Amino acid sequence: MDLTVVAEGSLPAYATLYAHIRVILGIVVGLGLTHLLRNLARLVEEPREDRLYWLHLGWVGFVMLYLLHFWWWAFRFSHSGTIDLLTYLYLISYTLFLYLLCVLLFPEKNSRPKDYRSLFFLRRKWLFAVLASWCRG
């Protein structure tokens, strides 16, 4: 990528390109955090016969921290000299993968009351398959 300086400011061209990428990343990470927080708040605001499960809540906390860590980690690309198509696709697909984890933990379908223990065990294969697909190192 050309490292020329943008005519109107002192930012290199790749920095303005990455600003657009960060907007997409921020939106998807924000949607994931909102999804998790909305469902956690619903558990507190509407106490029903939902059966909470400690392992499910642990994974919710893990994914929440994972989202925040990824958002902070992605900031380093603003100082990178090159952002090519593969880097762009990697960042976007990884962000979508994180959102998929959020949806797997709290599905949109509202069945009342929910048993989060059985829900976790029904979806655990999907959850761990998504995690394993990105952790193959």
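Given the structure is predicted, the values throughout are model-derived calculations rather than measurements.

Chemist: How do you make sense of the pattern of salt bridges when you look at a structure like this?
Modeler: Here the structure, examined in full by the defined rule, presents one salt bridge. As a salt-bridge pair, Asp115 and Arg51 come within 3.3 Å of each other at their nearest N and O atoms. Here Arg51 lies in the loop between α1 (13-45) and α2 (54-74) and Asp115 lies in the loop between α3 (85-105) and α4 (116-134), a separation of 64 residues in the sequence. A relative accessible area of 24% means that Asp115 is categorised as partly exposed.

Chemist: What's the story with the packing of aromatic side chains in this structure? I'm lost.
Modeler: Any two aromatic rings considered together are summarised by their centre-to-centre distance and by the angle between their planes. The tally for this structure, following the rule as stated, stands at 14 aromatic pairs. Between Tyr53 and Trp54 the ring centres are 6.0 Å apart and the planes differ by 55°, which places this aromatic pair in the tilted class. In this structure Tyr53 comes out as buried when scored by relative accessible area, which is 12%. Residue classification places Trp54 among the exposed residues on the basis of a relative accessible area of 66%. Where Phe120 meets Phe121, the ring centres are 5.6 Å apart and the plane angle is 75°; that geometry is what we call edge-to-face. According to the relative accessible area criterion, Phe121 is partly exposed, its value standing at 30%. Taken together through their ring pairs, the aromatic side chains of Trp59, Phe62, Tyr66, Phe70, Trp73, Tyr90, Tyr94, Phe97 and Phe128 make up a single cluster.

Chemist: Just to check I follow, could you spell out the environment of Leu101 for this structure?
Modeler: If you trace the backbone, Leu101 turns up in helix α3. Sequence separation of Leu101 and Val60 is 41 residues, and the distance between their C-alpha atoms is 9.1 Å. Sequence-distant contacts of Leu101, defined by excluding residues within four places in its chain, comprise Val63, Tyr66, Leu127, Val130 and Leu131.

Definitions and cut-offs
- Position numbers for residues start from 1 in each chain and track the written sequence from start to end.
- Since the coordinates come from a predicted model, pLDDT governs what is reported: local features require at least 70, and pairs of side-chain atoms require 80 or more to be given and counted, while whole-chain, interface and lining totals use all residues.
- As a rule here, side-chain values come from all non-hydrogen atoms in the structure, and water together with hydrogens is ignored.
- The working definition used for a salt bridge is a side-chain nitrogen of Lys or Arg within 4 Å of a carboxyl oxygen of Asp or Glu.
- Starting at the N terminus, helices and strands are each numbered in turn, a helix being any DSSP run of H or I of at least four residues and a strand any DSSP run of E of at least two.
- Each residue gets one of three labels from its accessible area relative to the maximum for its type: buried under 20%, exposed over 50%, partly exposed in between, using a 1.4 Å probe on protein chains only.
- Put simply, two rings from Phe, Tyr or Trp (the six-membered ring, in Trp's case) pair if the centres are within 6.5 Å, and we call them stacked under 30 degrees between planes, edge-to-face over 60, tilted for the rest.
- Contacts are residue-level and defined by heavy atoms, with any inter-residue pair within 4.5 Å sufficient.

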